Amino acid sequence: MAIIKGIEDTLDEAVGRFAQRPLRRPVLVNSIPKGGTHLLRNILRMFVPVDQHHDRDFVQIPNMHLHLDAFDPRAPKLAAAHLLFSDQSLANIRYARHILLVRDPYDWVLARARFFVSEEFDQENIRHLKTPGLYSAEALMNMMIFGVHQKSPALIDIFTHNAAAWLGTGVHLVRYEDLVRAVSRVDQPDGEAFFLALLAAADIDRPDDWKERVVTGADRKRSRTARENLRLPAGLAFPDVLPDAQKALVDFHAPGLRALLGYT
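Read on for a plain summary of the structure. Just so you know, these numbers come straight off a predicted model, no measurement behind them.

This part covers the overall build of the protein chain. A tally of helices and strands in the protein chain yields 11 helices and seven strands. What you see for the protein chain is a C-alpha radius of gyration of 18 Å, in line with the 18 Å of a compact globule of 264 residues. Dimensions of the protein chain along its principal axes, counting C-alpha atoms only, are 50 × 40 × 35 Å. Among the 264 residues that make up the protein chain, the fraction classed as buried is 50%. Taking the intrachain contacts of the protein chain between residues at least 6 apart in sequence as the baseline, contacts between residues at least 24 apart amount to 78%. Total accessible area on the protein chain is roughly 12700 Å²; 53% of this is exposed by carbon and sulfur atoms. Across the protein chain, the centroid of the 33 positively charged side chains sits 1 Å from that of the 33 negatively charged ones.

Below you can see the structure in the form of structure tokens.
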């Protein structure tokens, strides 16, 4: 069982500063792990009353039976998930507005590698990856692509079941990179159009102060898993851009995936 640590979540205090209207339908923010879920969820939280935040845990297949109340149309909630595509998942979330967040596999490899070796993440069977000097950054990136044998799944398995399989089922697709760009351009027409579509997908009316809410929710200082808030082992550094060798390995391992998700 993985344990996520990090800074305390204090965003509810900020949510309370804004006038809120109740959700009309359950909203599910679903994504691949390390896809930018906290950013999207934190932004949407700014438009939803605190008592409608389903924040006990991220919904996943192993714990889904404990979170069925998140998708009750009689008591709508905003929930976040890393939910695999399955018959049971589809049945349980059938009343929810489904927003699916994906990330460029190239960038995802780096984000996942940083997170796995950070002090903010702990999983007993792969704890040894944090040992200083034992694994190079390049070796760790390859493990993110091909998986850690019998301990952690490969890139293609995660993207297949957490992302690709959901396409064409009525989801509102959001690319992490588009989200980040829209946050930086809230004063521009393209940024406004992005968030207008996002709120419409969640069946949330856009308030006049929407820009302030977006900027507040997107504050990286409040994110437990933002890159700058991760503490890495001494002497280990990852590049800002995935090296060409690892890009080629992603393309070999998952041909067509980036194009399917809209990355060219």
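That shown, we press on.
Below, the discussion takes up the packing of aromatic side chains. Scanning the model with the defined rule gives four aromatic pairs in all. The interplanar angle of 85° and the centroid separation of 5.1 Å between the aromatic rings of Phe 85 and Trp 166 together place this pair among those described as edge-to-face. Taken together, the positions of Phe 85 in the loop between β4 (78-81) and α3 (87-92) and Trp 166 in the loop between α6 (155-162) and β7 (172-175) put the pair 81 residues apart, joining distant regions of the chain. On the numbers, 5.1 Å between centres and 80° between planes, the contact of Phe 194 with Phe 195 is edge-to-face. Aromatic ring contacts, followed pair by pair, group Phe 194, Phe 195 and Trp 210 into a single cluster. Between Lys 34 and the ring centre of Phe 115, over which it is positioned, the NZ or CZ distance is 4.5 Å. Directly above the aromatic system of Tyr 176 lies the positively charged group of Arg 103, at a separation of 4.1 Å from the ring centroid.

Any two side chains of opposite charge can pair, given that their charged atoms come close. Evaluated as defined, the whole model comprises 13 salt bridges. A salt bridge links Arg 74 to Asp 72; its shortest N-O distance comes to 3.0 Å. By relative accessible area, which is 19% here, Asp 72 ends up buried. Here Arg 175 and Asp 178 are joined by a salt bridge, their closest N and O atoms 3.6 Å apart. Here Arg 175 falls in the partly exposed class, since its relative accessible area comes to 24%. Classification of Asp 178 by relative accessible area gives partly exposed; the value is 26%. Overlapping salt bridges bring together Arg 21, Arg 24, Asp 203 and Asp 205 as one network.

The subject of this paragraph is the side chain of Ser 152. Within the secondary structure, Ser 152 sits in the loop between α5 (137-146) and α6. The residues touching Ser 152, leaving out its near neighbours within four places in the chain, are Arg 112, Phe 116 and Gly 147.

Further remarks concern helix α2 (residues 37-45). Burial analysis of α2 places nine of its nine residues in the buried class, the great majority of the element. Among all positions in α2, only Thr 37, His 38, Leu 39, Leu 40, Arg 41, Asn 42, Ile 43, Leu 44 and Arg 45 are buried.

It is worth spelling out the pairing of β4 at this point. Of the two faces of β4, the one holding Leu 78 and Ala 80 and the one holding Ala 79 and Ala 81 are both buried throughout. Relative to β4, strand β2 (residues 27-31) is paired through four bridges, and the arrangement is parallel. Across the sheet, Val 29 pairs through a bridge with Ala 80, a residue of β4. Looking at chain direction, strand β3 (residues 53-59) and β4 are connected through three bridges and run parallel. Paired with His 54 across the bridge in β4 is Ala 79.

What follows covers helix α9 (residues 210-217). Residues of α9 that are buried: Trp 210, Arg 213, Val 214, Thr 216 and Gly 217. All buried residues of α9 lie within an arc of 165° about the axis, which places them on one face of the element. Residues of α9 that are buried make contact with α1 (11-15), α2, α7 (176-184) and α8 (189-201).

Phe 71, Leu 83, Val 109, Leu 155 and Phe 238 are the most contacted members of the largest nonpolar core, which totals 46 residues. For this core, the secondary structure elements donating two or more residues are β4, β5 (97-102), α4 (105-116), α5 and α6. Tallying contributions element by element places α4 first for this core, with seven residues. If we skip the residues at most four places from it in the chain, Phe 71 touches Pro 26, Leu 28, Val 59, Ala 79, Asn 92, Ile 93, Tyr 95 and Ala 96. Core analysis: the next-biggest nonpolar cluster, separate from the first, contains 32 residues, Leu 11, Leu 40, Ala 202 and Ile 204 among them.

Basis of the calculations
Residues numbered from 1 in each chain as written. Predicted model: local features only at pLDDT ≥ 70, side-chain atom pairs only at ≥ 80, totals over all residues. Heavy atoms only, no water. Helix = DSSP H or I, 4+ residues; strand = E, 2+ residues; numbered from the N terminus. Rg over C-alpha atoms; globule rule 2.2 N^0.38 Å. Buried < 20%, exposed > 50% of the residue type's maximum accessible area, 1.4 Å probe, protein only. Contact = heavy atoms within 4.5 Å. Areas by Shrake-Rupley, 256 points an atom, 1.4 Å probe, with all protein chains shown as cover. Lys, Arg positive; Asp, Glu negative; His and termini not counted. Charge placed at Lys NZ, Arg CZ, Asp CG, Glu CD. Phe/Tyr/Trp six-rings, centres within 6.5 Å; stacked < 30°, edge-to-face > 60°. Lys NZ or Arg CZ within 6 Å of the ring centre and 35° of its normal. Salt bridge = Lys/Arg side-chain N within 4 Å of Asp/Glu carboxyl O. Pairing = 2+ DSSP bridges. Arc of directions from axis to C-beta. Core = buried A, V, L, I, M, F, W, Y, C linked by side-chain atoms within 4.5 Å.

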